[in-house]
Amino acid sequence: MYMIAVLGPKGTFCDKSYEEYNKKYEAAHGKSLEPLYCPTIDDVFEQLCTNEACEYAVVPVENMLDGYVQRTLDLLLEKNVYIVDENQVAVQFSLLANTEKIEDIRKIYVQFKTNGQCRQFLHTLHDAEIVTTNSNMESYYKIQDEPGTAAIVPHHVIQADDVRVLAEDVTDAKGNHTRFIILRKGVLDVENPDLEKQLEELVSNEKGLDADADGTEKTAELTREKVRIPVYIMPATDRPGILFDILRRFYDKRINLISIMSRPTKQSMGTYNFYIEIDCLTERLEVVVETLRQIQVYNDIKILGAYKEH
Ligand SMILES: O=C(O)C(=O)C[C@]1(C(=O)O)C=C[C@@H](O)C=C1
């Protein structure tokens, strides 16, 4: 049985994302992926890259309220991994406390990304010290034996009769979601002459995972569907118009871009790489590959994956 590295422990939103992906995987392969829970996003990447039994990994990449997960973006560039699929999980938080009243809370455990999704509520707790954790379940376990503390926890882990819930739904907005990506180990090389075929296979293989509820697989034939291709573009030099030149190539071929972000190169102050998400139809994979090759003449490129949009 293959393993999948998951930001754990069991019960995190990342675990929910794994369960969702595993349903697809089971329907397509008749067997499950076994979760390997890791304490940090770094550990998830590390397991995928170094543990032979670990073929997949799942990490958060973007939250509706707090934006992209910076650590995930960094590791996507650093490590030899690529994205094969994504899913979205509904995210709602509540306040669980080891105190009688909200006013008695001295310390509150909050996962780093959760903090940015519950800002309005946290602002009302002036006197409590905020302690940052690596996962929402870590926050949950921290308060068990520590009176005077509280934690922001996923609503789904709370039992209906739990008297320690002092506030329900402390999230800043309704309809909050986090997007998770499924990773495999390997590199998608822009210079590989078979790149287009490789991307096509990637999209159609994962498409094979989209089985109907009764287990019948849909055809793996590549039909007209929307594909997401995230890439890193790393300019070799800094000169006026470098970003314009890159964007112009996409514009000339009418290639739609969903997001673009500057990420520090970490080599010197004020130098940046661009993280870009391309949105195209399966039939335009050839044009996208051609355009990336043109951009590659003046810039380094890392293709981060290709998967069907949901
Ligand atoms: O700690 C969890 O429950 C996670 O799955 C991690 C994570 C994240 O880091 O983005 C995922 C979803 C929520 O938006 C908050 C935290």
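Per an unreviewed UniProt entry, the chain goes by the name Prephenate dehydratase and belongs to Wujia chipingensis. Among the UniProt annotations of the chain, the heading Catalytic activity (unreviewed entry) holds the following wording: "prephenate + H(+) = 3-phenylpyruvate + CO2 + H2O". On record in UniProt, under Pathway (unreviewed entry), the comment for the chain is "Amino-acid biosynthesis; L-phenylalanine biosynthesis; phenylpyruvate from prephenate: step 1/1."

Peer 1: Residue-level account of the UniProt feature "site: Essential for prephenate dehydratase activity" (unreviewed entry) in the chain, with values.
Peer 2: As annotated by UniProt and renumbered to match this structure, "site: Essential for prephenate dehydratase activity" (unreviewed entry) occupies Thr-178. Structurally, Thr-178 is set in strand S11 (residues 177–185). Exposure remark for Thr-178: the relative accessible area of 9% places this residue in the buried category. Discounting chain neighbours no more than four positions away, the residues touching Thr-178 are Pro-60, Glu-62, Asn-63, Asn-87, Gln-88, Val-89, Val-91 and Gln-117. Reaching out from Thr-178, the side chain makes a polar contact with the side chain of Asn-63 at a distance of 2.9 Å.

Peer 1: So, the pairing of strand S6 (residues 93–97): which residues are in play, and what are the values?
Peer 2: A regular strand places its side chains so that they alternate between the two faces of the sheet. The buried fraction of S6 amounts to five of the five residues, a majority that puts the element mostly inside the structure. The two faces of S6 match: Phe-93, Leu-95 and Ala-97 on one face and Ser-94 and Leu-96 on the other face are all buried. Of the pairings in the sheet, the one linking S6 to strand S9 (residues 149–154) comprises five bridges and is antiparallel in character. Within the sheet, the bridge partner assigned to Leu-95 lies in S9 and is Ile-152. Across two bridges, S6 lies against strand S10 (residues 165–167) in antiparallel orientation. Looking across to S10, one finds that Leu-96 is bridged to Val-165.

Peer 1: Summarise the environment of Cys-14; cite the residues concerned and give the values.
Peer 2: You can see Cys-14 is positioned in helix H1 (residues 13–29). Leave out the neighbours within four places in its chain, and Cys-14 touches Val-6, Leu-7, Val-58, Val-59, Pro-60 and Phe-180.

Peer 1: With reference to specific residues and values, describe the packing of aromatic side chains.
Peer 2: If you walk through the whole model with that rule in mind, you get six aromatic pairs. A centroid spacing of 5.6 Å and a plane angle of 80° characterise the contact between Tyr-25 and Tyr-56, whose relative ring orientation is edge-to-face. Taken together, the residues span a long stretch of sequence, with Tyr-25 in helix H1 and Tyr-56 in strand S3 (residues 54–63) at a distance of 31 residues. Take Tyr-25: its relative accessible area is 2%, and that puts it in the buried class. Ring centres of Tyr-68 and Tyr-275 lie 5.6 Å apart, and the angle between their planes is 65°; this geometry places the pair in the edge-to-face category. Note that Tyr-68 is positioned in strand S4 (residues 67–68) and Tyr-275 in strand S14 (residues 272–281), a separation of 207 residues in sequence. Through a chain of ring-to-ring contacts, three or more aromatic side chains come together here, namely Tyr-21, Tyr-25 and Tyr-56.

Peer 1: So what's going on with the site of the ligand? Which residues, and what values?
Peer 2: Inspection of the region around the ligand gives 14 residues, with Cys-14, Gln-111, Gln-117, Asn-136 and Thr-178 positioned closest. Residue Phe-13 places a main-chain N or O atom 2.9 Å away from an oxygen atom belonging to the ligand. Separating an oxygen atom of the ligand from a side-chain N or O atom of Gln-117 is a distance of 2.9 Å. Expressed as a share of its isolated accessible area of 370 Å², the protein-covered part of the ligand is 100%. Counting residues per element, the ones that place at least two in the shell around the ligand are H1, S3, helix H4 (112–115) and S11.

Conventions used here
- Residues numbered from 1 in each chain as written.
- Predicted model: local features only at pLDDT ≥ 70, side-chain atom pairs only at ≥ 80, totals over all residues.
- Heavy atoms only, no water.
- UniProt positions renumbered as here; feature names shortened; annotations may be inferred.
- Helix = DSSP H or I, 4+ residues; strand = E, 2+ residues; numbered from the N terminus.
- Buried < 20%, exposed > 50% of the residue type's maximum accessible area, 1.4 Å probe, protein only.
- Contact = heavy atoms within 4.5 Å.
- Polar contact = N/O pair within 3.5 Å; in protein donor to acceptor, adjacent residues only side chain to side chain.
- Pairing = 2+ DSSP bridges.
- Phe/Tyr/Trp six-rings, centres within 6.5 Å; stacked < 30°, edge-to-face > 60°.
- Near = heavy atom within 4 Å.
- Areas by Shrake-Rupley, 256 points an atom, 1.4 Å probe, with all protein chains shown as cover.

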